[in-house]
Amino acid sequence: MLASGRGSNFLALHRAAAQGRIPVRLVGVFSDRPAAPVLAHARDQGIPAVALSPRDYPDRLAFDRALLARVAAVQPDLIVCAGYMRIIDGTVLAPLVGRMINIHPSLLPRHRGLHTHRRALEAGDREHGASVHVVTAELDGGPVIAQAVVPVLPGDDEQRLAERVLAREHPLLVASVGALATGAVRWSDGRLWCGEAPLDAPLRLDADDRLVRP
Ligand code: GRF
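Residue indices follow the written sequence of each chain, beginning from 1 at its first position. In view of the model being predicted, local features appear only for residues whose pLDDT reaches at least 70, and side-chain atom pairs are presented and counted only at 80 or more, with totals across whole chains, interfaces and linings using the full set of residues. Water and hydrogen atoms play no part in the side-chain values, which are based on all heavy atoms of the structure.

Another point: the sheet that holds strand S3 (residues 79-82). Two strands in a sheet stick together by hydrogen bonds in their backbones, pointing the same way (parallel) or opposite ways (antiparallel). By the convention used here, strands pair only if DSSP detects at least 2 bridges between them. Secondary structure elements are taken from DSSP: a helix is a run of H or I of four residues or more, a strand is a run of E of two residues or more, and numbering for both begins at the N terminus. Strand order in this open sheet of 6 strands is S3-S4-S5-S6-S10-S11, and the pairing throughout is mixed. Among the strands making up the open sheet, the edge pair consists of S3 and strand S11 (211-212). Where strand S6 (residues 144-151) lies against strand S10 (residues 203-205), 2 bridges are found, and the strand directions are parallel. By the bridge assignment for S10, Ala146 is matched with Leu203. Along the sheet, helix H6 (residues 158-182) contacts S3, strand S4 (100-104), strand S5 (127-134), S6, S10 and S11; its crossing angle with S6, the most-contacted strand, is approximately 155°. When checking whether two residues touch, look at their non-hydrogen atoms; a contact exists if any pair is within 4.5 Å. Note on definitions: angles span 0 to 180 degrees between N-to-C directions of axes, and those axes are lines fitted to C-alpha atoms, for helices only across the stretch in contact.

Okay, the site of the ligand next. Near the ligand, the surroundings consist of Arg6, Gly7, Ser8, Asn9, Gly83, Ile103, Pro105 and Glu169. Throughout this description, a polar contact denotes any pair of N or O atoms lying within 3.5 Å of each other; where both atoms belong to protein, one of them has to be capable of donating a hydrogen while the other can accept it, and for residues adjacent in sequence the pair is counted only when both atoms sit in side chains. Take Arg6: an N or O atom from its side chain is 2.6 Å from an oxygen atom of the ligand. Each residue gets one label: Ala, Val, Leu, Ile, Met, Phe, Trp, Tyr, Cys and Pro are nonpolar, Asp, Glu, Lys and Arg are charged, and the others, such as Gly, are polar. Taken together, the residues that form the shell around the ligand break down as 2 nonpolar, 4 polar and 2 charged. Nearness is judged by heavy atoms alone; a residue qualifies as near a molecule or strand once a single heavy atom is within 4 Å of it.

Moving on, we come to the domain arrangement of the protein chain. Marked domain ranges trace back to an automatic or database domain assignment. As assigned here, the protein chain comprises domain 1 (1-96) and domain 2 (105-130 + 144-214). With centres defined by C-alpha atoms, the gap from domain 1 to domain 2 works out at 21 Å. Taken together, the contacts link 14 residues of domain 1 with 11 residues of domain 2. Interface of domain 1 and domain 2: buried area, both sides summed, is about 980 Å²; carbon and sulfur atoms make up 81% of it. We count a salt bridge whenever a side-chain nitrogen from Lys or Arg sits within 4 Å of a carboxyl oxygen from Asp or Glu. In this assembly, domain 1 and domain 2 are joined by 0 salt bridges. In this structure, the connection of domain 1 to domain 2 is made through 2 residue pairs in polar contact (both at pLDDT 80 or more). The biggest single contributor to the side of domain 1 that touches domain 2 is helix H1 (residues 8-18), with 5 residues. Within the side of domain 1 that touches domain 2, the residues separate by chemical class into 10 nonpolar, 2 polar and 2 charged. A 1.4 Å probe defines the accessible area here, and the buried area is the portion of it lost by two parts on being joined, summed over both.

When you line up the elements, Ser53 lands in the loop between strand S2 (49-51) and helix H3 (60-73). The cut-offs for exposure are 20% and 50% of the maximum accessible area for each residue type, with area from a 1.4 Å probe on protein chains only; residues under the lower value are buried, those over the upper are exposed, and the others partly exposed. Take Ser53: its relative accessible area is 15%, and that puts it in the buried class. Apart from the residues lying within four places of it in its own chain, the contact partners of Ser53 are Asp32, Pro34 and Phe63.

A word on the sheet that holds strand S9 (residues 197-198). With antiparallel pairing, 3 strands are arranged side by side in an open sheet as S7-S8-S9. The open sheet has two edge strands with one neighbour each: strand S7 (185-188) and S9. Both S7 and strand S8 (residues 191-194) contribute to a ladder of 4 bridges, which runs antiparallel. When the bridges of S8 are listed, Arg186 appears paired with Trp193.

With that out of the way, let us pick up the packing of H1 against H6. In the contact formed by H1 and H6, the axes pass within 9 Å of each other and the chain directions differ by 45°. Our classification of the angle between H1 and H6 gives oblique. Between H1 and H6 lies a crossing whose hand is right-handed. Residues Ser8, Asn9, Ala12, Leu13 and Ala16 of H1 form the contact with H6, whose own contacting residues are Leu166, Glu169, His170, Leu173, Val174 and Val177. Among the residues forming the contact of H1 with H6, the class breakdown is 7 nonpolar, 3 polar and 1 charged. An angle counts as roughly parallel when it lies under 35 degrees, as roughly antiparallel when it exceeds 145, as roughly perpendicular when it falls between 65 and 115, and as oblique in every other case. Less than a right angle of anticlockwise turn of the near helix away from the far helix marks a crossing as left-handed, whereas a clockwise turn marks it as right-handed.

Further remarks concern the pattern of salt bridges. Across all of its chains, the model carries 7 salt bridges by this definition. Two residues, Arg191 and Asp200, come together in a salt bridge whose shortest N-O distance is 2.9 Å. Judged by relative accessible area, which is 34%, Arg191 ranks as partly exposed. Overall, Asp200 belongs to the exposed group, its relative accessible area being 62%. Counted as one network, the salt bridges with shared partners bring together Asp156, Arg160 and Arg164.

This part takes up unusual backbone geometry. A cis amide bond, omega 15°, links Leu108 with the succeeding residue Pro109. Tracing the chain through its elements places Pro109 in the loop between S4 and helix H5 (116-122). A positive phi angle, near 50°, is found at Gln75, a position not held by glycine. Within the secondary structure layout, Gln75 lies in the loop between H3 and S3.

What follows is the structure, given as structure tokens:
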């Protein structure tokens, strides 16, 4: 996992793996912020945690190469970005496309980038949510695997909406990683597949925390 912050998605994924709900083993957490709480959470769970500081490197490419070399050393089948706040150089990403996913707090393609909850409120959206997508060189622009939809309620402010979305991010990430781990969803020939059919529209997280076709 790549992460820069609080680590609630890490904890949700770790719990699901530890309880045997998904056939996943977390082999390392990697960060650009040595003080990120997610690193302490990982170490508490006995999972190796590595942080490198961008300021120790001459430029983005050098940093990204160094960090992804540390990631490659643990030979992951899948790299999960959860609150990793740096844009990764496209040349470093290219060989990883299809093996790296990101969780983003909006219903992509709406609200790429930052401050998604504020922007959903400002736009008057009636629905908001979170997406898990394949990472490509286009920021928050890769194919979407699955989404969790959350209603925007009267009286919502940024914090209340963010909390409601985060509560659905956790089962969304667990279900998405589980689907990739079991092969129910896979990347092949440059696209996503669900079973034998191409995944043309994102799967939805239902009320039982299962992924279903929309
Ligand atoms: C989540 O809202 C995620 O969607 C966004 O950053 C936040 C990370 O939260 N990309 P946490 O560190 O997993 O608690």
